[in-house]
Amino acid sequence: MDETQPLELATLSVADEIATLTLNRPTQANALSRGLLLALHEHLLALTYRADIRVLIMTGAGQKAFCAGADLKERRGMSETEVRRAVGLIRTTVEDVARLPFPTIAAVNGVAFGGGTELALACDLRVAAASAKLGLTETSLAIIPGAGGTQRLPRLVGLAKAKELVYTARRIAASTALEIGLVNRVVPDDQLMNESVTLAREIAANGPIALRQAKFAMDRGFDLSLEAGLAVESKAYELVIPTEDRVEALQAFAEKRPPQFRGR
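No experiment lies behind these values; they were computed from the predicted model shown.

1. Quick notes on the packing of aromatic side chains
Piece 1. Within the structure shown, the criterion is met by 0 aromatic pairs.
Piece 2. Just above the ring of Phe113 sits the side chain of Arg171; from NZ or CZ to the centre is 4.2 Å.

What follows is the structure in structure tokens.
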């Protein structure tokens, strides 16, 4: 049983409209216990409705692990019904991440296996420390990825490569993950958060409503036909036309100054 209070199992900080959500079980490799999942769910639910957040960075406490996946010690004592509930809670939490309306970055600091890789896959972008290792390792435990891994990984790296990784339960280095497109960039361990914040600031400098609508258009249109996807894009574009930010961008361009976006 964790000694910390449930909400402290995931910590949230906000600075300059950038939120950082940290999995906070470092002595357990930030494994996804029920307590941690419930804490994540509460934080993610609150973030969904915050208009002041432009970007989220998700990372793990400590130096060794982003997230080692499900808490297998906790899982070992569960009945089949309890296992189904536990998997459902992981799946719901990963979907909470995927459904956030603003851009998200996974700062992968160390191992990310099973549900840890699935959490990273649910983010829009992934920055990995050079020492990080990733993998959907579930088949080595006689189960399969159950929180979106079988669907998101093929969409990111291609079906054949995803099958190879899932079938073998292989754990791959950050450099390999970069080669196959699983992560966007790899940086020295001691620069991970600085690089992630720099990327977040680069994103956050742009129109917040535009960022949300761009994410909506790409996420909703990706699996549609081109014609249907273009229709989604058109609807998303309509929502940015009447915004004050769009007018401010044009005015700032004319005055040769940085725009001051207010999210309205």
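2. Thoughts on the sheet that holds strand β9 (residues 172-173)
Piece 1. Spatially, the 4 strands line up as an open sheet ordered β4-β6-β8-β9, and their pairing is mixed. The sheet is open, and its two edges are formed by β4 (65-67) and β9, each paired on a single side.
Piece 2. Bridge count between strand β8 (residues 133-135) and β9: 2 bridges; the pairing is antiparallel. Along β9, the bridge assignment pairs Leu134 with Ile172.

3. Details of the pattern of salt bridges
Piece 1. Taken as a whole and assessed by the stated rule, the structure comprises 12 salt bridges.
Piece 2. Residues Asp223 and Arg155 are paired through a salt bridge, measuring 3.4 Å at the closest nitrogen-oxygen approach. Here the residue Asp223 occupies a position in the loop between α9 (208-221) and α10 (226-240), and Arg155 occupies one in helix α5 (residues 149-157), the gap between them amounting to 68 residues.
Piece 3. Taken together, the salt bridges that share partners define one network made up of Glu95, Arg99 and Arg152.

4. As for the packing of helix α3 (residues 80-98) against helix α4 (residues 115-122)
Piece 1. Where α3 meets α4, the closest approach of the two axes is 8 Å, and the angle between their N-to-C directions is 25°. Judged by the inter-axis angle, α3 sits roughly parallel to α4. Both α3 and α4 take part in a crossing whose hand is right-handed. Here α3 contributes Val94, Val97 and Ala98 to the contact with α4, which in turn contributes Glu118, Leu119 and Ala122.
Piece 2. Tallied by class, residues from the contact of α3 with α4 come to 5 nonpolar, no polar and 1 charged.

5. Some remarks on α4
Piece 1. Counting buried residues along α4, 8 of its 8 residues qualify, which places the element largely inside the surrounding structure.
Piece 2. Of all the positions in α4, only Gly115, Gly116, Thr117, Glu118, Leu119, Ala120, Leu121 and Ala122 are classed as buried.

6. Topic: the pairing of strand β1 (residues 10-15)
Piece 1. Note: β1 against strand β2 (residues 18-23), 6 bridges, orientation antiparallel. When the bridges of β2 are listed, Thr11 appears paired with Thr22.
Piece 2. Between β1 and β2, which follow one another and run antiparallel, lie 2 residues, and Asp16 among them has a positive phi close to 55°.

7. Quick word on the pairing of strand β7 (residues 125-129)
Piece 1. Counted residue by residue, β7 has 4 buried out of 5 residues, so it is predominantly covered.
Piece 2. The sheet contact formed by strand β5 (residues 104-108) and β7 spans 4 bridges and is parallel. Each residue of the ladder has a partner; that of Val108, found in β7, is Ala128.

8. Quick word on the nonpolar core
Piece 1. Leu32, Phe66, Val108, Leu119, Leu153 and Leu182 are the most contacted members of the largest nonpolar core, which totals 48 residues.
Piece 2. For this core, the element with the most residues is helix α1 (residues 34-48), which contributes 6 residues.
Piece 3. Contacts of Leu182, omitting those with residues within four sequence positions, involve Leu121, Arg126, Leu134, Leu153, Leu156, Val157, Ile172 and Ala177.
Piece 4. Ile18, Ile57, Ala200 and Ala204 belong to the second largest nonpolar core, which has 14 residues in total.

9. Here we look at the packing of α9 against α10
Piece 1. In contact at an axis separation of 9 Å, α9 and α10 are set at 165° when each is read in the N-to-C sense. In this view, α9 runs roughly antiparallel relative to α10, as classed from their interaxial angle. The way α9 lies across α10 gives a crossing that is right-handed. In this structure, α9 uses Ile209, Ala210, Gln213, Phe216, Ala217, Arg220 and Gly221 to contact α10, whose residues at the interface are Gly229, Val232, Glu233, Ala236, Leu239 and Val240.
Piece 2. The class makeup of the residues in the contact of α9 with α10 is 8 nonpolar, 3 polar and 2 charged.

10. What about a nonpolar patch on the surface?
Piece 1. On the surface, Leu72, Leu141 and Ile143 cluster together into a nonpolar patch covering about 260 Å² of accessible area.
Piece 2. One can find Leu72 in helix α2 (residues 72-76).
Piece 3. Leu72 sits in the partly exposed class, given a relative accessible area of 45%.

11. Describing the confidence of the model for the chain
Piece 1. Averaged over every residue, the pLDDT of the chain is 93; residues scoring 70 or more account for 97%.
Piece 2. Segment residues 1-5 is flagged for pLDDT under 50; beyond a separation of four residues in sequence, or across chains, it makes 5 contacts in the model.

12. Structural notes on the sheet that holds β7
Piece 1. The sheet built from 6 strands is open, its strands ordered β1-β2-β3-β5-β7-β10 with mixed pairing. Both edges of this open sheet fall to β1 and β10 (185-187), since each of them pairs with a single strand only. On average, each strand axis in the sheet is inclined to that of its neighbour by 20°, with strand direction left out of account.

Parameters at a glance
Residues numbered from 1 in each chain as written. Predicted model: local features only at pLDDT ≥ 70, side-chain atom pairs only at ≥ 80, totals over all residues. Heavy atoms only, no water. Phe/Tyr/Trp six-rings, centres within 6.5 Å; stacked < 30°, edge-to-face > 60°. Lys NZ or Arg CZ within 6 Å of the ring centre and 35° of its normal. Pairing = 2+ DSSP bridges. Helix = DSSP H or I, 4+ residues; strand = E, 2+ residues; numbered from the N terminus. Salt bridge = Lys/Arg side-chain N within 4 Å of Asp/Glu carboxyl O. Axes fitted to C-alpha atoms, helices over the stretch in contact; angles between N-to-C directions. Parallel < 35°, antiparallel > 145°, perpendicular 65-115°, else oblique. Left-handed = near helix turned anticlockwise from the far one by under 90°. Contact = heavy atoms within 4.5 Å. Nonpolar A, V, L, I, M, F, W, Y, C, P; charged D, E, K, R; others polar. Buried < 20%, exposed > 50% of the residue type's maximum accessible area, 1.4 Å probe, protein only. Core = buried A, V, L, I, M, F, W, Y, C linked by side-chain atoms within 4.5 Å. Patch = residues over 30% accessible without salt bridge, like charges linked within 9 Å, V, L, I, M, F, W, Y side chains within 5 Å. Areas by Shrake-Rupley, 256 points an atom, 1.4 Å probe, with all protein chains shown as cover. pLDDT = per-residue confidence, 0-100.

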